[in-house]
Amino acid sequence: MFIDPPVVTKVTDNGPPLKIGILGAANIAPHALIYPARSHPEVEVYAVAARDIGKAEKFAKKYGIKKWYGGRDGYQELLNDPAINAVYNPLPNGLHYEWTMKALAAGKHVLLEKPSGDTAEESRPMFGLADRKGLVLLEAFHYRFHPAIQRVKEIVDSGELGSIKEVHASLGFPKGLIPEGDIRLNYSLGGGALMDAGCYTLNCVRYLASGNPTAVTSATALRYPKDPRIDTATSADLLFPPSTPNGSPVGASIKCDMFLPNWFWFIPRLPVITARVVCDQGTVEVFNYVMPVIYHYITVTPNEGKKRTEKAYAFPSGKSEKGESWWSTYRYQLEAFVDKVRGRTPKTWVSSEDSIANMLWIEKIYEEAEGSFPSIICPW
């Protein structure tokens, strides 16, 4: 049901539905916004803009979107539309800063694809402008809103397995999934494995460790032969503060890869999507923390006692929690975004401080790996 959710009537006690415009006819937009919006009574995906007006029209008609804009000024025309309350920005990383700043200047709330910018120097003014104008800006780390990763953190924070010793997160795609010419292989558009898959892994270890690293102890990167400024895979080791008073520093590692090699040269690899926390009294590991609605499992292995497996497709009943077992990470995220815009308190949020810190530590990892990271593309 997460790819064909029920369509609900757009009625609300809070006035007309929140009208959202999409900047770019991006492939991610249907799963990240259009499908989740169908089951949200307070959201209407109202408009889309693309550089090619023909592409915008085709996209709009395919997904039942009322308005479309295109051409050189298409993005700005969408922002100028007074009927639009909020904007979803799934543009390439190198365009996040420019068009998020312009959207905020136009008075629109923004749901911004991760990473928030090319650098922390871009991220700070975006969140600063949103704060000054009283607008909502959310970096779309959608997995954070799902019960699966929250259950993992609940287990860790409960002390059931003792204090944290290590945290690890990996995200890798099989070779061939990302084609030549993909924006993730374009330096000027903010490409690179760490900017794409790696921002998830870093965010995940920071979330599970409940803080920020104190140091990047090592980092290595594989380079794209056609442009060595682009990393196709990056691994890094980090240190975090102790999880308990007078404890030892917490070790952490992240791994991201856009071209996982085939097994035995010809058997395609499956995606690698795991996070693991090692504590002094056991471990907890989650498979598929990024898209758990498709399938996931949480394995708890105490040093003493019985191993168990859990799944968390919805929050426990009886706690007045929102959500259904078929809700995707994006649907949970949309619920939180709308709650914030409507002045309600969402269950989960990714703060501006969290987003800026994630970008800052991406830069530090790139520096340790002796690689390039994108500079500010468009001072605005």
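Structure report, in brief. (Residues numbered from 1 in each chain as written. Predicted model: local features only at pLDDT ≥ 70, side-chain atom pairs only at ≥ 80, totals over all residues. Heavy atoms only, no water.)

## Notes on the state of the cysteines
In a disulfide, the sulfur atoms of two cysteines are covalently bonded to one another. The following threshold applies: For this text, the term disulfide refers to a pair of cysteine sulfurs within 2.5 Å. Here the term buried applies to any residue with accessible area under 20% of the maximum for its type, exposed to any over 50%, and partly exposed to those in between, with areas from a 1.4 Å probe on protein chains only.
Scanning the entire structure with this criterion turns up 0 disulfides. The thiol of Cys256 is unpaired, and the distance to the nearest cysteine sulfur, on Cys199, comes to 8.9 Å. We classify Cys256 as buried; its relative accessible area is 3%. Distance from the sulfur of Cys279, which forms no disulfide, to the nearest cysteine sulfur (Cys204) is 14 Å. Residue Cys279 is classed as buried on the basis of its relative accessible area, which comes to 4%.

## Looking at the packing of helix α4 (residues 96-105) against helix α5 (residues 120-133)
Quick reminder of the rule: Fitted lines through C-alpha atoms give the axes, limited to the stretch in contact for helices. The angle between two N-to-C directions lies from 0 to 180 degrees. Numbering of helices and strands starts at the N terminus; helices are DSSP runs of H or I of at least 4 residues and strands are runs of E of at least 2. Orientation labels follow simple angle bins: below 35 degrees gives roughly parallel, above 145 gives roughly antiparallel, 65 to 115 gives roughly perpendicular, and whatever is left gives oblique. Should any heavy atoms of two residues lie within 4.5 Å, those residues are considered in contact. Following the grouping adopted for this structure description, the nonpolar residues are Ala, Val, Leu, Ile, Met, Phe, Trp, Tyr, Cys and Pro, the charged ones are Asp, Glu, Lys and Arg, and the polar ones are all others, Gly among them.
Direction vectors running N to C along α4 and α5 enclose 10°, while the axes themselves pass 10 Å from each other. It follows that α4 is roughly parallel to α5 by the angle criterion. Every residue of α5 that contacts α4 at His96, Tyr97, Thr100, Met101, Leu104 and Ala105 is listed here: Glu122, Pro125, Met126, Leu129, Ala130 and Lys133. Looking at the contact of α4 with α5 residue by residue, the class counts come to 8 nonpolar, 2 polar and 2 charged.

## Focus: the sheet that holds strand β5 (residues 109-112)
Counted only if it meets this: Whether two strands pair depends on DSSP finding at least two bridges between them.
Taken together, the 6 strands give an open sheet; going across it, the order is β3-β2-β1-β4-β5-β6, and neighbouring strands pair in parallel fashion. If you trace the sheet from one side to the other, it starts and ends with β3 (67-70) and β6 (137-139), each paired once. Taken pair by pair, the neighbouring strands of this sheet meet at an average axis angle of 20°, ignoring direction. Across 6 bridges, strand β1 (residues 18-23) lies against strand β2 (residues 43-50) in parallel orientation. Paired with Lys19 across the two strands is Glu44, which belongs to β2.

## Here's the deal with the packing of helix α7 (residues 197-209) against helix α9 (residues 352-368)
What counts is decided by this rule: Here is the rule for handedness: rotate from the far helix to the near one, and if that takes an anticlockwise turn smaller than a right angle the crossing is left-handed, while a clockwise turn gives right-handed.
Orientation of α7 relative to α9, taken along the N-to-C sense of each, is 120°, at an axis distance of 10 Å. Read as a crossing pair, α7 and α9 show a hand that is right-handed. On α9, the residues touching Cys199, Leu202, Asn203 and Arg206 of α7 are Asp354, Ala357, Asn358, Trp361, Ile362 and Ile365. Along the lines of polarity and charge, the residues of the contact of α7 with α9 split into 6 nonpolar, 2 polar and 2 charged.

## Digging into unusual backbone geometry
For the bond from Lys114 to Pro115, the omega torsion is -10°, close enough to zero to count as cis. Positive phi values are uncommon outside glycine, yet Asn246 reaches one of about 65°. We note that Asn288 has phi near 65°; this positive angle belongs to a residue other than glycine. In this structure, Asn288 sits in the loop between β12 (282-287) and β13 (297-302).

## Notes on helix α1 (residues 29-38)
Counting buried residues along α1, 8 of its 10 residues qualify, which places the element largely inside the surrounding structure. Within α1, the full set of buried residues consists of Ala29, Pro30, Ala32, Leu33, Ile34, Tyr35, Pro36 and Ala37.

## Some remarks on the pattern of salt bridges
Let me state the cut-off plainly: Any Lys or Arg side-chain nitrogen found within 4 Å of a carboxyl oxygen on Asp or Glu counts as a salt bridge.
Scanning all chains against the criterion turns up 24 salt bridges. Between Lys102 and Glu98 there is a salt bridge, and its shortest N-O distance comes to 2.9 Å. Of the two residues, Lys102 and Glu98 are both situated in helix α4; the distance of 4 residues between them amounts to about one turn of the helix. Judged on exposure class, the residue Lys102 and its partner Glu98 are both buried.

## A short note on the packing of aromatic side chains
Filter applied, for reference: Aromatic pairs are defined between Phe, Tyr and Trp rings, using the six-membered ring for Trp, whenever the two ring centres lie within 6.5 Å; interplanar angles under 30 degrees are classed as stacked, those over 60 as edge-to-face, and all others as tilted. Criterion for a charge above a ring: Arg CZ or Lys NZ at most 6 Å from the ring centre, at most 35 degrees from the ring normal.
Throughout the structure, instances matching the rule amount to 12 aromatic pairs. Between Tyr35 and Tyr63, the aromatic rings sit 6.4 Å apart at their centres with planes inclined by 65°, giving edge-to-face as the arrangement. One end of the pair, Tyr35, is in helix α1; the other, Tyr63, is in helix α2 (residues 53-63), and 28 residues separate them in sequence. The pair Tyr35 / Tyr63 is uniform in exposure class, with both members buried. An aromatic cluster of at least three residues, connected via ring pairs, comprises Phe141, Tyr143, Tyr200 and Tyr289. A cation sits over an aromatic face here: Lys102 above Trp99, 4.3 Å from the ring centre. Just above the ring of Phe315 sits the side chain of Lys347; from NZ or CZ to the centre is 4.6 Å.

## Comments concerning α9
Where we set the bar: The span you would expect from a helix comes to 1.5 Å times its residue count less one.
In this model α9 runs 25 Å from its N-terminal to its C-terminal C-alpha over 17 residues, within 8% of the 24 Å that 1.5 Å per residue would give. For α9, the complete set of buried residues consists of Asp354, Ser355, Ile356, Ala357, Asn358, Met359, Trp361, Ile362, Glu363, Ile365 and Tyr366. The inward-facing, buried residues of α9 contact α5, β6, α7, β8 (215-224), β9 (227-240) and β10 (250-260). Glu370 lies just past α9 and shows a positive phi near 55°.

## As for the sheet that holds β8
Taken in spatial order, the 8 strands line up as β8-β9-β10-β7-β11-β12-β13-β14 in an open sheet, and their pairing is mixed. Among the strands making up the open sheet, the edge pair consists of β8 and β14 (308-310). Each neighbouring strand pair of the sheet contributes to a mean axis angle of 15°, computed without reference to strand direction. As judged from the 6 bridges shared by strand β11 (residues 272-279) and β12, these two strands associate in the antiparallel manner. Its bridge partner lying in β12, Thr274 is registered against Phe287. Of the strands in this sheet, β7 (164-174), β9, β10 and β11 are in contact with α7, which crosses β7 at around 160°.

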